[in-house]
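Observations on the model geometry
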Amino acid sequence: MNILNSEIEQHYYQPKLYNEIINKLTKKGIDINKLSRKDLAAVDEFHVRGAEISRELAKAAKLNNSKLLDIGCGIGGPCRLLAEEFNCTTTGLDLSKEYINTAIALSKLVGLNTSTNFIHGDALNLPFKNNSFNVVWTQHLLVNINNRDKLFREIERVLTNNGTLVYYDVFKKGNKNIRYPLPWAKESKISFIESTSEMDTTLNRLGFMKIVSTDQTQVGIVFFEKLLTRISKHGIPELGLSILMGEYFFEKISNFLNALKEESVILESGVYKKQIIQ
């Protein structure tokens, strides 16, 4: 692992994360022996709009019964949702050992350990054979990847012909300065925001065809405004994304919202297809 990847892993490292989540669930009066995936909703998906957007993307891309790889899976929320609601067989990969250990333990607790699998690894060196998955899924991954060409080459390699790439990420718009810290990076040197056109150029060169893209910026702004209003009235919730973001939670969210409003970044989701090789 190179120095940069070590810095990114450190940014996301949360010691004893699983125990912290379990303790907070117990304080809320939830019986851990009867835990369901919905009980984890407040903390389970580390991206804007959480399970709501994951469900929307899965329906739009028609992912039912897919064999799916989630790169940058966090603590496994999307993998569990896709397994339970869309009958997918899911594999999650993440750079953070703490996230992977937590994902494995939580899937076992909610009875989804047979349909979910989690592996500690590097997105630029995927530990899978060629043509292993018919769907690759990424959410807020690209912002931490400097070598996009290597990432997309690895995705192309592990996808079957006519396989689907689903993405949901933050992209640069214009040349305005972006204030840090942000949810994915405490400083600019571990943040790699590119434009959608740069991504499209790379993917087209590798044989991918864009099927659809959707600007998610405005719904993201509404999401953050509602979140910050709740925080101002009730404080930061004990069980929520603050557990994953660590210190400067409020500042990270506020900076992200301002960047969206100022149009220095946008949120976008979409689907590409790996073209069939004749």
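The rules we used
- Residues numbered from 1 in each chain as written.
- Predicted model: local features only at pLDDT ≥ 70, side-chain atom pairs only at ≥ 80, totals over all residues.
- Heavy atoms only, no water.
- Buried < 20%, exposed > 50% of the residue type's maximum accessible area, 1.4 Å probe, protein only.
- Helix = DSSP H or I, 4+ residues; strand = E, 2+ residues; numbered from the N terminus.
- Pairing = 2+ DSSP bridges.
- Right-handed = clockwise from strand over helix to strand, strands pointing away.
- Core = buried A, V, L, I, M, F, W, Y, C linked by side-chain atoms within 4.5 Å.
- Salt bridge = Lys/Arg side-chain N within 4 Å of Asp/Glu carboxyl O.

1. Notes on the pairing of strand β4 (residues 133-139)
Within β4, 6 of the 7 residues are buried, which leaves the element mostly enclosed by the surrounding structure. For strand β1 (residues 67-71) and β4, the ladder comprises 4 bridges, and the chain directions are parallel. Paired with Ile 71 across the two strands is Thr 138, which belongs to β4. Note: β4 against strand β5 (residues 159-172), 6 bridges, orientation parallel. In the strand pairing of β5, Val 136 is matched with Leu 165. A crossover connection joins β4 to the parallel β5 through helix α6 (residues 148-158); in handedness this β-α-β unit is right-handed.

2. Considering the nonpolar core
A general trend in soluble globular proteins is that nonpolar side chains are found buried together. Formed by 56 residues in total, the largest nonpolar core has its most connected members in Ile 21, Leu 25, Leu 63, Leu 82 and Phe 256. It is helix α10 (residues 249-261) that contributes the most residues to this core, 6 residues altogether. Within the second largest apolar cluster, 26 residues are counted, among which are Leu 69, Ala 123, Leu 141 and Leu 159.

3. Some details on the pattern of salt bridges
Per the counting criterion, the structure on display carries 16 salt bridges. A salt bridge links Glu 85 to Arg 55; its shortest N-O distance comes to 2.8 Å. Here Glu 85 is found in helix α4 (residues 77-86), whereas its partner Arg 55 is found in helix α3 (residues 50-60), with 30 residues between them in sequence. In this structure Arg 55 comes out as partly exposed when scored by relative accessible area, which is 27%. Residues participating in the shared-partner salt-bridge network are Arg 37, Arg 55, Glu 84 and Glu 85.

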